[in-house]
Amino acid sequence: AQTVTQSQPEMSVQEAETVTLSCTYDTSENNYYLFWYKQPPSRQMILVIRQEAYKQQNATENRFSVNFQKAAKSFSLKISDSQLGDTAMYFCAFIRIPGNQFYFGTGTSLTVIP
Amino acid sequence: GAGVSQSPSNKVTEKGKDVELRCDPISGHTALYWYRQSLGQGLEFLIYFQGNSAPDKSGLPSDRFSAERTGGSVSTLTIQRTQQEDSAVYLCASSGVEDTQYFGPGTRLTVL
């Protein structure tokens, strides 16, 4: 079975600073995808970034980047130049390829302080 | 293009009543998922549809919960004889060939 662990229930960061959210996962699979989703107070889940396990290069989307350590089964999200709109719950997720079921972590609540 | 839509946005019902929640996935997406999210909690998987295959119902919490997907597109989640513990946000997501889930805005269900 696959598990996804987010060990930081809550975090805060000053506006314009950088913050890193951690995620670890447990799997015996070799081929899989990893995701970070953002859920602001509006409750709409929004895809932030995706990483294919076969890619060694870390995914980047503007101010968002990941540190993917396959051997350590770690997938952290770095948010640079934090903005007030980044305040949200962040969920890490895993899907085996091929597969159908997504596994989500319990989330990290991030607050950006003005 | 249009994203995943869900209706209603909010639903208030009395204990014991039946409710239907609707999900319109992204056009062309063959996979559709339902999740439940209680206040301040993570996502609880309920059910998964893939094309014409039999759905994966392993997450449904009781036989009061059921879901259908007609014509491989629109899905309806039905909760019979609602209980107060059913109060939650119900999220729908769909995915296509790229195996990335795209979520709808959710339906907030309140059972009085």
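Residues numbered from 1 in each chain as written. Chains lettered and ligands numbered in written order. Predicted model: local features only at pLDDT ≥ 70, side-chain atom pairs only at ≥ 80, totals over all residues. Heavy atoms only, no water.

Visitor: Got a minute to help me understand the interface of chain A and chain B in this structure?
Guide: Buried accessible area, meaning the area lost when the parts come together, often serves as the stated size of an interface. Each partner contributes residues to the interface: chain A has 17 residues there, and chain B has 24 residues. When residues of chain A are sorted by the area they lose upon contact with chain B, R43, N100 and F102 of chain A head the list and together hold 35% of the total. Counting the contacts that link chain A with chain B gives 0 salt bridges. The tally of links from chain A across to chain B stands at 8 residue pairs in polar contact (both at pLDDT 80 or more). Sorting the residues of the side of chain A that touches chain B by element identifies β5 (32-39), β6 (46-52), β10 (88-96) and β11 (102-104) of chain A as the ones contributing at least two each. The element best represented in the side of chain A that touches chain B is β5 of chain A, accounting for 4 residues. Looking at side-chain class alone, the side of chain A that touches chain B contains 10 nonpolar, 5 polar and 2 charged residues. (Contact = heavy atoms within 4.5 Å. Buried area = accessible area lost by both parts, 1.4 Å probe. Salt bridge = Lys/Arg side-chain N within 4 Å of Asp/Glu carboxyl O. Polar contact = N/O pair within 3.5 Å; in protein donor to acceptor, adjacent residues only side chain to side chain. Helix = DSSP H or I, 4+ residues; strand = E, 2+ residues; numbered from the N terminus. Nonpolar A, V, L, I, M, F, W, Y, C, P; charged D, E, K, R; others polar.)

Visitor: Please clarify how the side chain of Q39 of chain A should be interpreted in this entry.
Guide: Relative to the elements of secondary structure, Q39 of chain A occurs in strand β5. Apart from residues lying up to four places away in sequence, Q39 of chain A is in contact with Q44, M45, A88, M89 and F91 of chain A together with Q37 and L91 of chain B.

Visitor: Explain the sheet that holds strand β7 (residues 75-79) of chain B here, please?
Guide: Residues and elements named next belong to chain B. An order of β1-β3-β7-β6 is seen for the 4 strands of this open sheet, with the pairing classed as antiparallel. Whereas interior strands pair on both sides, the edge strands pair on one side only; in this sheet they are β1 (5-7) and β6 (65-69). Neighbour-to-neighbour, the strand axes of the sheet open up by a mean angle of 15°, direction not taken into account. Where strand β3 (residues 19-24) meets β7, 5 bridges bridge the pair, whose relative direction is antiparallel. Its bridge partner being in β7, E20 is matched across the sheet by T78. (Pairing = 2+ DSSP bridges. Axes fitted to C-alpha atoms, helices over the stretch in contact; angles between N-to-C directions.)

Visitor: Help me out: how do you make sense of the packing of aromatic side chains in this one?
Guide: Two aromatic rings are characterised by how far apart their centres lie and by the angle between their planes. Applying the stated criterion across every chain, the model contains 18 aromatic pairs over all chains. A centroid spacing of 6.0 Å and a plane angle of 35° characterise the contact between Y25 of chain A and F94 of chain A, whose relative ring orientation is tilted. Remark: F94 of chain A occurs in strand β10 and Y25 of chain A occurs in strand β4 (residues 24-26); sequence separation between them is 69 residues. Between Y35 of chain B and F45 of chain B, the ring centres sit 6.2 Å apart and the planes meet at 70°, which makes this aromatic pair edge-to-face. On the criterion of sequence distance, the pair formed by Y35 of chain B in strand β4 (residues 31-37) and F45 of chain B in strand β5 (residues 44-50) is long-range, its members being 10 residues apart. F45 of chain B carries the same exposure label as Y35 of chain B, and that label is buried. Within the aromatic cluster, the residues linked to one another by ring pairs are F35, Y37, F102 and F104 of chain A together with Y33, Y35, F45, Y48 and F103 of chain B. Between R50 of chain A and the ring centre of Y33 of chain A, over which it is positioned, the NZ or CZ distance is 4.2 Å. (Phe/Tyr/Trp six-rings, centres within 6.5 Å; stacked < 30°, edge-to-face > 60°. Buried < 20%, exposed > 50% of the residue type's maximum accessible area, 1.4 Å probe, protein only. Lys NZ or Arg CZ within 6 Å of the ring centre and 35° of its normal.)

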